[in-house]
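The primary structure of each chain is shown beneath.
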Amino acid sequence: AHSNFVFFFNDTATTEIYTEQIVGSVRCVQETATKALEIAQQYGAKIVGIHQHIGSNILDAEKYAQSIGNILSAAKEFPDLKFIDIGGGFGIPYKPNETRLNLEELGRKVSNTFEEFSSQQGREIELWVEPGRFLVAESGVLLATVTCIKSNPEYKYVGIDSGFNHLVRPTMYGCYHEIINTSNRDKSEANQEKVTIVGNICESGDVFARDRVLPKILEGDVLAIMHAGAYGFSMSSTYNLRPQTAEVLLTNSENRLIRKRQTFEDLLKDVVE
């Protein structure tokens, strides 16, 4: 009996949007596919699926469509293919000036390309996608209270009662998250100031935003750190014995607690004396 396997590859040239490397990427994919087939035949295995990873937060439908062409060029080499997983990568605009991914345009390009491919193969092949971030990122907001403000001749620091244990993306990846001062929505120029938003973990990298221009902030203000629904709670931790946050679900102006705030006692309950 044959064992079934899925072939996985990274289309890194498209991920980095180096368009001059697209041709080289296609050649690399094809060479890798040929090698994978040789190994499968050597061990009597069947490759029934191929899976692509092109990176994260792609906002350009054309670049994404180009990457689909890369994986389909490799797919022609696999006679036992049942499905093609194009992965995720569907982006959301984290920064205010970013253009939202045109999902309708992308859908048309992918559908047309894939239908043509299936027709050429003379059989129906399943198309799989993994749109996780696209579905949940904008649904999550991390709320934090300003606990202290400190200034020196160069910077003004705003400390909050949260840290990278709650949202690690800015520290780990240098990612941008929009921050809104919910306690002061005055956006007039006279009311703006440049601040650095820092967390409560004793680490120099615990920074949510550097030199960000926001409406003036006071102790006790509540800041909303936007687009925290993806890679937020799922990547959070109790590092430095900091409890996890509560989670509140808002639906049609109603709110419901769906996860209790962790207590210090919760952190110790699994410790064996």
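Residues numbered from 1 in each chain as written. Predicted model: local features only at pLDDT ≥ 70, side-chain atom pairs only at ≥ 80, totals over all residues. Heavy atoms only, no water.

Asker: Honestly, the pairing of strand β6 (residues 156-160) in this entry has me stumped. Any pointers?
Answerer: Within a regular strand, the side chains alternate between the two sheet faces. In this structure, strand β5 (residues 142-151) lies alongside β6, joined through five bridges in antiparallel fashion. Bridging from a neighbouring strand, C148 pairs with G159 of β6. If you look at the hairpin formed by β5 and β6, you'll find four residues sitting between the two strands. Alignment of β6 against strand β8 (residues 192-198), held across three bridges, turns out to be parallel. Bridging from a neighbouring strand, V158 pairs with I197 of β8. (Pairing = 2+ DSSP bridges. Helix = DSSP H or I, 4+ residues; strand = E, 2+ residues; numbered from the N terminus.)

Asker: Teacher, can you tell me more about the pattern of salt bridges here?
Answerer: Pairs can form between side chains of opposite charge once their charged atoms are near each other. Here the structure, examined in full by the defined rule, presents five salt bridges. Here R100 and E138 are joined by a salt bridge, their closest N and O atoms 2.9 Å apart. With R100 in the loop between β3 (83-85) and α4 (103-121) and E138 in the loop between α5 (132-136) and β5, this residue pair connects regions lying 38 residues apart in the sequence. With a relative accessible area of 46%, R100 lands in the partly exposed category. Judged by its relative accessible area of 34%, E138 falls in the partly exposed class. Two residues, E193 and K156, come together in a salt bridge whose shortest N-O distance is 2.8 Å. (Salt bridge = Lys/Arg side-chain N within 4 Å of Asp/Glu carboxyl O. Buried < 20%, exposed > 50% of the residue type's maximum accessible area, 1.4 Å probe, protein only.)

Asker: Sorry, what's going on with the sheet that holds β5 here?
Answerer: Backbone hydrogen bonds hold the strands of a sheet together, and the pairing may be parallel or antiparallel. If you walk across this open sheet you meet the six strands as β7-β10-β5-β6-β8-β9, and the pairing is mixed. At either margin of the open sheet sits one strand with a lone partner, and together these are β7 (179-181) and β9 (207-215). Neighbouring strand axes in the sheet, compared pairwise and without regard to direction, differ in orientation by 40° on average. (Axes fitted to C-alpha atoms, helices over the stretch in contact; angles between N-to-C directions.)

Asker: Any chance you could explain helix α3 (residues 61-75) here in plain terms?
Answerer: It helps to recall that an α-helix has 3.6 residues per turn; residues three or four apart then point in one direction. Here α3 is 15 residues long and its end C-alpha atoms lie 21 Å apart, about the 21 Å a rise of 1.5 Å per residue gives. Most of α3 is tucked away: twelve of the 15 residues are buried. The complete set of buried residues in α3 reads A61, K63, Y64, A65, S67, I68, N70, I71, L72, S73, A74 and A75. The N-capping residue of α3, defined by a side-chain oxygen 2.9 Å from the backbone nitrogen of E62, is D60. (Expected span 1.5 Å × (residues − 1). Polar contact = N/O pair within 3.5 Å; in protein donor to acceptor, adjacent residues only side chain to side chain.)

Asker: Could you clarify how one ought to interpret the side chain of S236 in this entry?
Answerer: In this structure, S236 sits in the loop between β10 (222-225) and β11 (247-251). From its side chain, S236 meets the backbone oxygen of F233 in a polar contact 2.6 Å long. S236 has contacts with N165, H166 and Q244, leaving out every residue within four places of it along the chain. (Contact = heavy atoms within 4.5 Å.)

Asker: Got a minute to help me understand the packing of aromatic side chains in this structure?
Answerer: For any two aromatic rings, the description comes down to two numbers: the centre-to-centre distance and the angle of the planes. Evaluated as defined, the whole model comprises six aromatic pairs. The interplanar angle of 45° and the centroid separation of 5.9 Å between the aromatic rings of Y155 and Y157 together place this pair among those described as tilted. The class of Y157 is partly exposed, set by a relative accessible area of 26%. Measuring from ring centre to ring centre gives 5.5 Å for F164 and Y239, while their planes differ by 25°; the resulting arrangement is stacked. On the criterion of sequence distance, the pair formed by F164 in the loop between β6 and α6 (169-173) and Y239 in the loop between β10 and β11 is long-range, its members being 75 residues apart. (Phe/Tyr/Trp six-rings, centres within 6.5 Å; stacked < 30°, edge-to-face > 60°.)

Asker: Looking at this model, I keep getting lost on the environment of L103. Mind explaining?
Answerer: Secondary-structure assignment places L103 in helix α4. The partly exposed category is assigned to L103, whose relative accessible area is 38%. As for L103 and V158, which are separated by 55 residues in sequence, their C-alpha atoms are 37 Å apart.

Asker: Would you explain the layout of surface pockets in this entry?
Answerer: Here the largest pocket defines a volume of roughly 1100 Å³. Lining the largest pocket are 32 residues, with V141, L142, T245, A246 and E247 sitting closest to its centre. Each residue belonging to the lining of the largest pocket can be placed in one class, and the counts come to 13 nonpolar, 14 polar and five charged. (1 Å grid on protein atoms, 1.4 Å probe; cavity = no way out; pocket = protein on both sides within 12 Å on 5 of 7 lines; lining within 4 Å. Points joined across faces, edges and corners; volume = space filled by probe spheres on them. Nonpolar A, V, L, I, M, F, W, Y, C, P; charged D, E, K, R; others polar.)

Asker: What exactly am I supposed to notice about a nonpolar patch on the surface here?
Answerer: A cluster of nonpolar side chains, L241, F264, L268 and V271, forms an exposed patch at the surface whose accessible area comes to about 380 Å². Tracing the backbone shows L241 in the loop between β10 and β11. A residue is classified by how much of its surface remains accessible, and L241, at 49% relative accessible area, is partly exposed. (Patch = residues over 30% accessible without salt bridge, like charges linked within 9 Å, V, L, I, M, F, W, Y side chains within 5 Å. Areas by Shrake-Rupley, 256 points an atom, 1.4 Å probe, with all protein chains shown as cover.)

Asker: Quick question: what am I supposed to make of the packing of α3 against α4 here?
Answerer: For any two helices packed against each other, one specifies the crossing angle of their axes together with the interaxial distance. It is the contact of α3 with α4, at a shortest axis distance of 9 Å, that shows an interaxial angle of 15°. Classified by the angle between their axes, α3 and α4 sit roughly parallel to one another. α3 and α4 meet at a crossing whose hand is right-handed. Across the interface between the two elements, A61, E62, Y64, A65, I68, L72 and A75 from α3 touch E105, L106, K109, V110, T113, F114 and F117 from α4. For the contact of α3 with α4, the class distribution of residues is ten nonpolar, one polar and three charged. (Parallel < 35°, antiparallel > 145°, perpendicular 65-115°, else oblique. Left-handed = near helix turned anticlockwise from the far one by under 90°.)

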